[in-house]
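Residue-level structure breakdown
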Amino acid sequence: MFFYGFMQRAFQASFLISLIAPILGLFLILQRQSLMADTLSHVSLAGVALGMLIGINPTWTNILVVIVVAVLLEVLRQIYHTYSEISIAILMSAGMAVALVLMGISDGGATLSMTQFLFGSIVTINEQQIWMLLFLMIIIVALYIIFRKPMYILTFDEDTAFTAGLPIRTMSILFNILTGITIAIIMPIVGALLVSAIIILPAAISLRLSKSFNGVILIGIVIAIIGMLSGLVTSYELGTPPGASITLTLMLIFSITTVVKRVFRL
Amino acid sequence: MHYIEVEDLSFQYENEPVLENISFKVEPGDFVMLTGENGAAKTTLLRNILGLLKPSKGNVHLSAKNYLGEQLVVGYVSQQIASFNAGFPSTVLELVQSGRYQRGKWFKKLDKHDKEQIRRSLESVGMWDMRFKKIGELSGGQKQRISIARVFATDPDLFILDEPTTGMDVNSRKEFYQLLRHNSMEHNKGILMVTHDHEEIRHYANKHIELVRKEGSPWRCFSMDSCKELSKPHS
């Protein structure tokens, strides 16, 4: 299978996503915004539908729409400060509703293409997507290295971050935008329905395995690489959908680590 | 110069006034204790000073510079800090060293001086031996200690502390107050601390602000009794 060009690109994409996902996933979990990835992926569908309706490459309309929604998410999070998950519920439903309306307005072809965005197609990745992912990975890893310390404080305690003079609102908005752009780029590959699982699960697993902040990121990357690559192989061998196979592999790792931790009281 | 200048501050939640006519100053070298009964809006007052809440009337001025003309560094220990998320992935050492980031180390490596300050801060609260423990595995009292160690690691010009000694034993409290007094008297640090132990602290602090219920007010509204100068503590 390694001799097929499409599989080589699939492995390259999986590897790059594995380097990105645990970084974003950890910060989302610590900010109690795990479902934000889900919201943005639902909203992404609206972006895709808009692109198809007006005849523009859906990736660009998608990126534009998620940037707007990422800002809106932070505004709503501030308005409903005590119940910040309301912002997620509002925008998730709104995103899905807009997507369905736009799909209804456009012809049946759009509905067909939407299936690819809903479920993803890791085996139809083209060169351009690989380059976009590589560029995105370099940016996210560089931003993590540069802004690791301010983000650590922000996710530990917002009041402490504010007192330390950090621009917490701007940081939150920029982080949301970065998450949105990542989802817009990853979504055609893994699918809107599973993109949040792939972002959140590696960090959720490693959170239980490491004592330190950097340790969580590093273990998360290793887990993501193992989960993504073995999920991909499983998908090839069994003929199952790649996104679902990767998610189930990560769930299996989650179950094994939980049981091992319990049994050996680690 | 004043690190904190509060002028005729009032604050209300929705339409309910909780603070009225608060005025006081904290200067470099001041150790000010802020007391009041439960629900006297002491934390609300601190949050107004820090800019986390906006006063409905009056002004709060937090100096931008310290007495040496450098940027003022504020160290804040909130009341809830010790109840932080037990699952937060950090060792004690990582958390305490994050206190140094404010000292111009957001984008720089910590140097020898930073590491020495971190070690001394952890030793001062008896937590050096536990530096590699995950913070979620600590008891409530230990979490309180590392919150204090973190603020000492920052070595701020102005300490703003909200009941920082909750859950600490008498000896630890005494050592902590002595350390604060040393910081205010020898290093000209400003300290504003909310506390219930005013009998204990009055031997260390030099000013006492008490928030008292406003007479004739229909709401639970508090105002200042006075800002009393206490007898100057001995170094």
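Residues numbered from 1 in each chain as written. Chains lettered and ligands numbered in written order. Predicted model: local features only at pLDDT ≥ 70, side-chain atom pairs only at ≥ 80, totals over all residues.

**Structural notes on the overall build of chain A**
- Across its full length, chain A carries eleven helices and zero strands.
- Going from N to C terminus, chain A has its helices and strands arranged as α-α-α-α-α-α-α-α-α-α-α.
- Against the 2.2 N^0.38 benchmark of 18 Å for 266 residues, chain A shows a C-alpha radius of gyration of 18 Å, consistent with a compact globule.
- Taken along its principal axes, the extent of the C-alpha atoms in chain A is 50 × 45 × 30 Å.
- Scored against the burial criterion, the 266 residues of chain A give a buried share of 47%.
- By sequence separation, contacts in chain A at least 24 residues apart represent 72% of the contacts at least 6 residues apart. (Helix = DSSP H or I, 4+ residues; strand = E, 2+ residues; numbered from the N terminus. Rg over C-alpha atoms; globule rule 2.2 N^0.38 Å. Buried ≥ 20, exposed ≤ 12 C-beta atoms within 10 Å, placed from the backbone. Contact = placed C-beta atoms within 7 Å.)

**With respect to the overall build of chain B**
- Summing up its helical and strand segments, chain B has six helices and nine strands in all.
- For 235 residues, the compact-globule estimate of 2.2 N^0.38 gives 18 Å, and chain B sits close to it at 18 Å.
- A burial count over chain B gives 43% of its 235 residues as buried.
- Put simply, of all contacts in chain B between residues at least 6 apart along the chain, 71% involve residues at least 24 apart.

**Topic: the interface of chain B and chain A**
- Between chain B and chain A, the contact holds 19 residues from the first and 19 residues from the second.
- Of the residues that constitute the side of chain B that touches chain A, the class distribution is eleven nonpolar, six polar and two charged. (Nonpolar A, V, L, I, M, F, W, Y, C, P; charged D, E, K, R; others polar.)

**Side note on the packing of helix H3 (residues 112-124) of chain B against helix H4 (residues 140-154) of chain B**
Residue and element names in this part refer to chain B.
- Running from amino to carboxyl end, H3 crosses H4 at an angle of 145 degrees, the nearest separation of the two axes being 8 Å. In this structure, H3 meets H4 at a crossing whose hand is right-handed. Every residue of H4 that contacts H3 at Gln-117, Ile-118, Ser-121, Leu-122 and Ser-124 is listed here: Ala-149, Phe-152 and Ala-153.
- Grouping the amino acids of the contact of H3 with H4 by side-chain chemistry returns five nonpolar, three polar and no charged. (Axes fitted to C-alpha atoms, helices over the stretch in contact; angles between N-to-C directions. Left-handed = near helix turned anticlockwise from the far one by under 90°.)

**Side note on helix H9 (residues 195-207) of chain A**
- If you check H9 of chain A, its first and last C-alpha atoms are 19 Å apart, about what 13 residues at 1.5 Å a residue would give, namely 18 Å.
- A large share of H9 of chain A lies buried, amounting to 13 of its 13 residues. (Expected span 1.5 Å × (residues − 1).)

**Observations concerning the packing of helix H3 (residues 58-79) of chain A against helix H4 (residues 85-105) of chain A**
All names here are of chain A.
- Contact geometry for H3 and H4: axes closest at 8 Å, N-to-C directions at 145 degrees. Considering how the two elements wind past one another, H3 and H4 form a crossing that is right-handed. From H3, Val-69, Leu-72, Leu-73, Leu-76 and Arg-77 reach across to H4, where they touch Ile-86, Ser-87, Ile-90, Leu-91 and Gly-95.
- By residue class, the composition of the contact of H3 with H4 is seven nonpolar, two polar and one charged.

**Section: the environment of Glu-70 of chain B**
- With respect to the element layout, Glu-70 of chain B can be found in the loop between strand S4 (57-62) and strand S5 (74-77).
- When the C-alpha positions of Glu-70 of chain B and Asp-157 of chain B are compared, they lie 9.9 Å apart, and in sequence the two are 87 residues distant.

**Quick look at unusual backbone geometry**
- In this model, Arg-32 of chain A sits at a positive phi of 55 degrees, which is unusual for a non-glycine residue.
- Turning to its location among the elements, Arg-32 of chain A is positioned in the loop between helix H1 (5-30) and helix H2 (36-54).
- Here Arg-32 of chain A falls in the partly exposed class, since 13 other C-beta atoms lie within 10 Å of it.
- For Ala-41 of chain B, which is not glycine, the phi torsion reads 65 degrees and is therefore positive.
- Counting through the fold element by element, Ala-41 of chain B comes out in the loop between strand S3 (31-36) and helix H1 (42-50).

**Description of H3 of chain A**
Residues and elements named next belong to chain A.
- Spanning 22 residues, H3 covers 31 Å between terminal C-alpha atoms, matching the ideal 32 Å at 1.5 Å per step.
- Among the residues of H3, Pro-58, Thr-61, Asn-62, Val-65, Val-66, Val-69, Ala-70, Leu-73, Glu-74 and Arg-77 are the ones counted as buried.
- Contacts made by the buried residues of H3 are with H2, H4 and helix H8 (168-190).

**Let's talk about the pairing of strand S6 (residues 158-162) of chain B**
Residues and elements named next belong to chain B.
- A large share of S6 lies buried, amounting to five of its five residues.
- Side-chain alternation along S6 places Leu-158, Ile-160 and Asp-162 on one buried face and Phe-159 and Leu-161 on a second face that is also buried.
- Relative to strand S7 (residues 190-194), S6 runs parallel, the two being bridged by five bridges. Each bridged residue has a counterpart across the sheet, and for Ile-160 the counterpart in S7 is Leu-192.
- In terms of handedness, the path from S6 via helix H5 (residues 170-187) over to S7 forms a crossover that is right-handed. (Pairing = 2+ DSSP bridges. Right-handed = clockwise from strand over helix to strand, strands pointing away.)

**Some remarks on the environment of Ser-18 of chain A**
All names here are of chain A.
- Tracing the chain through its elements places Ser-18 in helix H1.
- Its 23 C-beta neighbours within 10 Å are what place Ser-18 among the buried residues.
- For the pair Ser-18 and Leu-229, spaced 211 residues apart in sequence, the C-alpha separation works out to 9.1 Å.
- When sequence neighbours within four positions are dropped, the list of residues in contact with Ser-18 reads Ile-221, Ala-224, Ile-225 and Met-228.

**Structural notes on the confidence of the model for chain B**
- Averaged over every residue, the pLDDT of chain B is 88; residues scoring 70 or more account for 92%.
- Here the predicted complex scores 0.85 on pTM and 0.86 on ipTM. (pLDDT = per-residue confidence, 0-100.)

**Some words on the nonpolar core**
- Counting residues in hydrophobic clusters, the biggest one holds 82 residues, and the most contacted among them are Ile-17, Ile-20, Ala-49, Val-66, Val-195 and Ile-198 of chain A.
- Among the elements that take part in this core, H1 of chain A stands out by supplying 13 residues, more than any other.
- Grouped together as the second largest cluster of nonpolar side chains are 56 residues, Val-74, Ala-149, Val-194 and Ile-201 of chain B included. (Core = buried A, V, L, I, M, F, W, Y, C linked by C-beta atoms within 7 Å.)

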